[in-house]
Amino acid sequence: MRPKTKLFLLFITLPLVFMVSIMMGRYPLNIPPSDDVAHFVLMNIRIPRVLLAVIAGSCLSVAGAILQSVLRNPLASPYILGVTQATAFGAALAMYLMLPSALIIFSSFIFGLIATLLVLLLSRVRGFLSPVTVILSGIVVGAIFTTMLSAVQYMIDPWRLQGIVFWLMGSFGRASWDILAWTMPISLIALSSAHAMRWRLNILSLGDEEARMLGARVQMERALLIALSALMCATVTSVSGIVAFIGLIAPHMARALVGPDARLLVPASAALGGVIMMIADDVCRTPFSFEIPLSIVTTLVAAPYFIYLLRRMGGEWRG
Amino acid sequence: MERVVLKDVYFSYEDGFELRGISLKVHAGEVCAILGPNGSGKTTLLRCIYKLLRPFKGCIYVDGRDVLSLKTRELARLVGGVPQEHHPVFPYRAIDMVVMGRTPYLSLFSAPSHKDYEDAYELMKRLGIAHLAERPYTQLSGGERKLVLIARALMQNPRVLLLDEPTSHLDIKNKILVLRAVRRLCKDRKVAVLMTTHDPNEAMAYSDKIVLMNKGEVVFIGGPEDLSSELLSKVYDVPLKVIGYGNRRIVIY
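So, a few notes on the structure that sits alongside this text. (Residues numbered from 1 in each chain as written. Chains lettered and ligands numbered in written order. Predicted model: local features only at pLDDT ≥ 70, side-chain atom pairs only at ≥ 80, totals over all residues. Heavy atoms only, no water.)

### What about the overall build of chain B?
And step 1. Of the regular secondary structure elements, chain B holds 8 helices and 12 strands.
And step 2. Computed over its C-alpha atoms, the radius of gyration of chain B comes to 18 Å, within 12% of the 18 Å expected for a compact globule of 253 residues.
And step 3. The principal-axis extent of the C-alpha atoms belonging to chain B is close to 55 × 40 × 35 Å.
And step 4. Looking at chain B as a whole, 55% of its 253 residues are labelled buried.
And step 5. Contacts in chain B between residues far apart in sequence, at least 24 positions, make up 67% of those at least 6 positions apart.
And step 6. When the accessible area of chain B is evaluated, it comes to approximately 11100 Å², of which 51% is carbon and sulfur surface.
And step 7. Distance between charge centroids for chain B: 3 Å, based on 37 positive and 29 negative side chains. (Helix = DSSP H or I, 4+ residues; strand = E, 2+ residues; numbered from the N terminus. Rg over C-alpha atoms; globule rule 2.2 N^0.38 Å. Buried < 20%, exposed > 50% of the residue type's maximum accessible area, 1.4 Å probe, protein only. Contact = heavy atoms within 4.5 Å. Areas by Shrake-Rupley, 256 points an atom, 1.4 Å probe, with all protein chains shown as cover. Lys, Arg positive; Asp, Glu negative; His and termini not counted. Charge placed at Lys NZ, Arg CZ, Asp CG, Glu CD.)

### Digging into the interface of chain A and chain B
And step 1. Across the contact, 34 residues belong to chain A and 39 residues belong to chain B.
And step 2. Interface area, chain A with chain B, both sides summed: about 3000 Å², of which 62% is carbon and sulfur.
And step 3. It is W199, M213 and L214 of chain A that lose the most area in chain A upon contact with chain B, and together they represent 24% of the buried surface on that side.
And step 4. There are 2 salt bridges connecting chain A and chain B.
And step 5. With a shortest N-O distance of 2.7 Å, E209 of chain A and R47 of chain B are connected by a salt bridge. (Buried area = accessible area lost by both parts, 1.4 Å probe. Salt bridge = Lys/Arg side-chain N within 4 Å of Asp/Glu carboxyl O.)

### Side note on the pairing of strand 6 (residues 79-82) of chain B
Residue and element names in this part refer to chain B.
And step 1. Alternating positions in strand 6 separate into two faces, V79 and G81 on one and G80 and V82 on the other, with burial throughout.
And step 2. Looking at chain direction, strand 6 and strand 7 (residues 160-163) are connected through 4 bridges and run parallel. Each bridged residue has a counterpart across the sheet, and for G81 the counterpart in strand 7 is L162. (Pairing = 2+ DSSP bridges.)

### Description of the nonpolar core
And step 1. Counting 137 residues, the largest nonpolar core has L71, L81, I226, M232 and M277 of chain A together with I150 of chain B as the members making the most contacts within it.
And step 2. Among the elements that take part in this core, helix 2 (residues 36-70) of chain A stands out by supplying 18 residues, more than any other.
And step 3. Ignoring sequence-local partners within four residues, the contact set of M232 of chain A consists of C59, V62, A63, I66, A190, L191 and A194 of chain A.
And step 4. Counting 31 residues, the second-largest nonpolar core is a separate cluster that includes V9, L24, I60 and V211 of chain B. (Core = buried A, V, L, I, M, F, W, Y, C linked by side-chain atoms within 4.5 Å.)

### Observations regarding the packing of aromatic side chains
Within a pair of aromatic rings, the relevant descriptors are the distance that separates the centres and the angle that separates the planes.
All names here are of chain A.
And step 1. Enumeration according to the criterion identifies 8 aromatic pairs over all chains in this entry.
And step 2. Both rings, one in F89 and one in F145, keep their centres 5.8 Å apart while their planes meet at 45°; by these two values the pair is tilted. Taken together, the positions of F89 in helix 3 (residues 83-96) and F145 in helix 5 (residues 131-155) put the pair 56 residues apart, joining distant regions of the chain. Per residue, the accessibility class of F89 equals that of F145, and both read buried.
And step 3. Both rings, one in Y305 and one in Y308, keep their centres 5.8 Å apart while their planes meet at 45°; by these two values the pair is tilted. Taken together, the residues Y305 and Y308, both in helix 13 (residues 294-312) and 3 residues apart, mark about one turn of the helix.
And step 4. Using a relative accessible area of 43% as the deciding quantity, one classes Y308 as partly exposed.
And step 5. Among the aromatic side chains, those forming a connected cluster through ring pairs are F89, F111 and F145. (Phe/Tyr/Trp six-rings, centres within 6.5 Å; stacked < 30°, edge-to-face > 60°.)

### Some points on the sheet that holds strand 4 (residues 57-62) of chain B
All names here are of chain B.
And step 1. The 4 strands are arranged 2-1-4-5 in an open sheet whose pairing can be described as antiparallel. The two strands at the open ends of the sheet, each matched to only one other strand, are strand 2 (18-27) and strand 5 (65-66).
And step 2. Relative to strand 4, strand 1 (residues 2-12) is paired through 5 bridges, and the arrangement is antiparallel. Paired with V5 across the bridge in strand 4 is Y61.

### So, the packing of helix 2 of chain A against helix 10 (residues 218-240) of chain A
All names here are of chain A.
And step 1. Relative to each other, helix 2 and helix 10 sit at 150°, their axes nearing to 9 Å. Taken together, the axes of helix 2 and helix 10 lie roughly antiparallel to each other. In the packing of helix 2 onto helix 10, the handedness of the crossing is left-handed. Residues L52, I55, A56, C59, L60, V62, A63, I66, L67 and V70 of helix 2 lie in contact with helix 10, whose contacting residues are R222, L225, I226, S229, M232, C233, V236 and V239. (Axes fitted to C-alpha atoms, helices over the stretch in contact; angles between N-to-C directions. Parallel < 35°, antiparallel > 145°, perpendicular 65-115°, else oblique. Left-handed = near helix turned anticlockwise from the far one by under 90°.)

Following this line, the structure appears as structure tokens:
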């Protein structure tokens, strides 16, 4: 099958999984809804939640694809920038201060942005932003926020500690139209910017000197793309909490499907990330009367698949 | 017409290696071999022309324009290059690699068009590598890779083509294949070619002009027929002899 056909099929799968997902759950629904309760559940709970899952999956996946290319490292994921850890700290801090839930999200988002700026500032060595310095700064920034998060967890009273722990494992349970009102525009703008700039990913992945020989302004373009992925990561995790593994594995699955060319890889990562996230969320909220934390599902499903992919590829990533 | 002009170029790394007072001219349709032993500054010279390095003294002109005054993108439209070593992280198809040469003509927010892919395919056909188009670049042989990278450089529509050790790691057949392709393209498209090599035979057989470098200085500029055994022996620090063979001159040791 041609890569373009596969991409087309992925984009057909997306709305199909969306339709199935909004019908699934503890309160089974038909489309159109049969009564007022069903209508209410559909419009105010299901649709926002599934929409948020799609956005989150797409953003994390595309952020991962971007970082893997511009850092020339197949192991890169949004987690590597330390932004995730910072959003976690921001949320935990707000919970410690007993702020209302809207401010928890706000604080989380702000700390995500702070971490983004920190990483970009720290990784500029003599005006030069290299993949290695970005990864090292990301690790340092991540470690600082992880430690501060531990400090908050240590100080907070046990009753509220549970809230932090649940937040750290991720959930789309907070989804609402109010939240979508700002996450959706930011994500869509970020995703379309990433899509518009996707050719640069091919060029930057060749290495600094070659990219310059081909006329790329390497430093500026890399900083822009890193900032973009950090923004997507901060937006998503501030609302959903930490979602493990998607940002690493979805781009790899997309690459296995359509090949490494970013012209197809970026849209494929977006679609695949969205699909996986919807399915993961369905698994979280359907089988039991309680909700399974998202990261448990994504990790337990993604990790074995990742090992399979690794073995099938013989350690070499090819399309 | 002078495509590349270097005027009294000095460059120094922090640890002291230098180019000292390099001056040379390369014309359109001319293949210029930059010959010299390892570490004589050949690659450094090319990197200065790419603006990857900045000379602390002297000027470099491409097509009459000072390279330091050109934007990266403008320079990439004038100068195409084939790097010495190349390890892509991701296995792009050969044709994708070739199309990447169109980048200097694209804006930050656009991707190559269908037409660009057709052009790339045409170019690969003319270089005799069209059959490689769909293969992953990472699985190609050394010679095939060089040809793909030459095609990519040509997609830049350059006035000047820089090749850094284009024949390193190639067997004899691939060496001849690559050098012939370069020579033909140079004459057809009237580009100026600068290629570095440490092999005097290669320089004598395939270039119009030889620039012999030693320890960061140019010690000889001229045609292959003017290169003497004494000078080569001195520069390479080993006895070498230039002899005539038919209408060619070759170096034996």
